[in-house]
Amino acid sequence: MTLPVPSLPDLLPTGPARFLGWSMIADPMVAGFLARAGFDAVLLDQQHGTHDYKSCCAAITEVALAGKSTLVRVPVGDFAMVSRMLDAGAAGVVAPMINTVADAEAFAAAAKFPPVGQRSWGPDRAMWLSGLRNGADYLAGANDRALTIAMCETQAAIADLEAILAVPGIDGILVGPADLSIALSQGTVIDPLGPAVTAALSEIARKTRAAGKIPCAFAPSPARAREMVGMGYQLVSIEYDAMTIVNAFARVLCEADPSRAG
């Protein structure tokens, strides 16, 4: 067993860009595979993936056994799940659809202890995974250790980004390019690689770094991940587990039978 797991703030925002394994499949072994493949952290997706509280608890432990940290993306508006996942040992939480200062304040309130927020006490698994067995020691650093990453994926969020970044307790921004393309096109197209999205991504990274916060992004391919690192993003995913598995199976099948290509 490799414990305690590293704190994500110890990796971010200084140093080189880090890469995030994205887990949609609610099987702790798959999350563990991502950690052992070398990703710096693993995100467990409750919003669009199949993870729930129980699968996340198991996956957090599995990832910790590989010596890595875990983020959890909670469902839209599920601020009750924010503190539950932090108590379970997640290194941070990604909250979707944080479009206003009020959204950001509610998110920070659920994730941080007073005086920053209103998170209640119950971090038994979190203390074990952090290696801080004394409650006072854990509490003293808990607000700095637990990352709150707000998703910026709508025109409203872009318009209010600087104010959202200024909310005490918000540590960074994560961009979903597909949702961003739908928002920017008023629902007419999904074009996560298009010029409008690329321009918005660059501006979001610039503003986030200027605020001293952590810019994060989902990348649908290794090439796009490299581009996002070049834009200044400090934590970037590369595909997601189901996508990578399907593509890998398709590749070996086509290698065996080229007639199946295309």
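Source: prediction; values computed, not measured.

Rules behind the numbers
Residues numbered from 1 in each chain as written. Predicted model: local features only at pLDDT ≥ 70, side-chain atom pairs only at ≥ 80, totals over all residues. Heavy atoms only, no water. Salt bridge = Lys/Arg side-chain N within 4 Å of Asp/Glu carboxyl O. Helix = DSSP H or I, 4+ residues; strand = E, 2+ residues; numbered from the N terminus. Buried < 20%, exposed > 50% of the residue type's maximum accessible area, 1.4 Å probe, protein only. Pairing = 2+ DSSP bridges. Right-handed = clockwise from strand over helix to strand, strands pointing away. Core = buried A, V, L, I, M, F, W, Y, C linked by side-chain atoms within 4.5 Å. Contact = heavy atoms within 4.5 Å. Axes fitted to C-alpha atoms, helices over the stretch in contact; angles between N-to-C directions. Parallel < 35°, antiparallel > 145°, perpendicular 65-115°, else oblique. Left-handed = near helix turned anticlockwise from the far one by under 90°. Nonpolar A, V, L, I, M, F, W, Y, C, P; charged D, E, K, R; others polar. UniProt positions renumbered as here; feature names shortened; annotations may be inferred. 1 Å grid on protein atoms, 1.4 Å probe; cavity = no way out; pocket = protein on both sides within 12 Å on 5 of 7 lines; lining within 4 Å. Points joined across faces, edges and corners; volume = space filled by probe spheres on them.

Two side chains with opposite charge may pair up if their charged atoms get near one another. Under the criterion given, the structure shown has nine salt bridges. With its nearest N and O atoms 3.9 Å apart, the salt bridge here joins arginine 18 to aspartate 40. Within this pair, whereas arginine 18 is found in strand S1 (residues 18-23), its partner aspartate 40 is found in the loop between helix H2 (28-37) and strand S2 (41-45), the two being separated by 22 residues in sequence. Arginine 18 sits in the partly exposed class, given a relative accessible area of 21%. Note that arginine 260 is salt-bridged to aspartate 257, the shortest N-O span being 3.0 Å.

It is worth spelling out the pairing of strand S7 (residues 214-217) at this point. Burial of S7 is two-sided: the residues Ile214 and Cys216 facing one way and the residues Pro215 and Ala217 facing the other way are all buried. Two strands pair when backbone bridges link them, and strand S6 (residues 172-175) and S7 are joined in this way by four bridges, in the parallel orientation. Each bridged residue has a counterpart across the sheet, and for isoleucine 173 the counterpart in S7 is proline 215. By the bridge criterion, two bridges tie S7 to strand S8 (residues 235-237) in an arrangement that is parallel. Note that in S8 the partner of alanine 217 across the bridge is valine 236. Where the polypeptide runs from S7 across helix H12 (residues 222-231) and back to S8, its parallel neighbour, the crossover connection is right-handed.

Of all hydrophobic cores here, the largest spans 53 residues; its most connected members are Ile173 and Tyr233. Counting residues per element, this core draws most heavily on helix H3 (residues 53-65), which supplies six residues. For tyrosine 233, the contacting residues outside a window of four places in its chain are Ala17, Val175, Leu201, Ile204, Ala205, Pro215, Cys216, Ala217 and Met228. Counting residues in hydrophobic clusters, the runner-up holds 19 residues, among them Leu71, Val94, Met151 and Leu235.

On to the packing of helix H10 (residues 177-184) against helix H11 (residues 195-210), then. Running from N to C, H10 and H11 point in directions that differ by 115°, and their axes come no closer than 10 Å. The angle between the axes of H10 and H11 places the two elements in the roughly perpendicular class. Crossing handedness for the pair H10 and H11: right-handed. Counting all contacts with H10, which are made through Pro177, Leu180, Ser181 and Leu184, the residues of H11 involved are Ala196, Val197, Ala200, Leu201 and Ile204. Across the contact of H10 with H11, the residue classes tally to eight nonpolar, one polar and no charged.

Under the feature "domain: HpcH/HpaI aldolase/citrate lyase" (unreviewed entry), the UniProt entry names residues 19-248. Its end C-alpha atoms 20 Å apart, residues 19-248 is made of 49% helix and 15% strand.

What follows deals with the environment of isoleucine 173. Relative to the helices and strands, isoleucine 173 resides in strand S6. By relative accessible area, isoleucine 173 is classed as buried at 1%. Separated by 22 residues in sequence, isoleucine 173 and methionine 151 place their C-alpha atoms 5.5 Å apart. Non-local contacts of isoleucine 173, meaning those with residues more than four positions away in its chain, are made with Ile149, Ala150, Cys152, Leu161, Ile164, Leu165, Ile204, Thr208, Ile214, Pro215 and Cys216.

This next bit is on the layout of surface pockets. Taken as a whole, the largest pocket holds about 300 Å³ of empty space. His48, Arg73, Ala178, Asp179 and Phe218 are the residues nearest the centre of the largest pocket, which is lined by 15 residues in total. Here the lining of the largest pocket takes three residues from H10, the largest share from any one element. For the lining of the largest pocket, a count of residues per class yields nine nonpolar, two polar and four charged. One number sums up the size of the second largest pocket: a volume of about 180 Å³. Around the second largest pocket, the lining residues are Trp22, Val30, Phe33, Leu34, Ala37, Phe39, Ile238, Glu239, Tyr240, Asp241, Thr244 and Ile245. Among the elements of the structure, H2 and helix H13 (241-256) are those that each provide at least two residues to the lining of the second largest pocket. When residues of the lining of the second largest pocket are assigned to their parent elements, the largest contribution, four residues, is made by H2.

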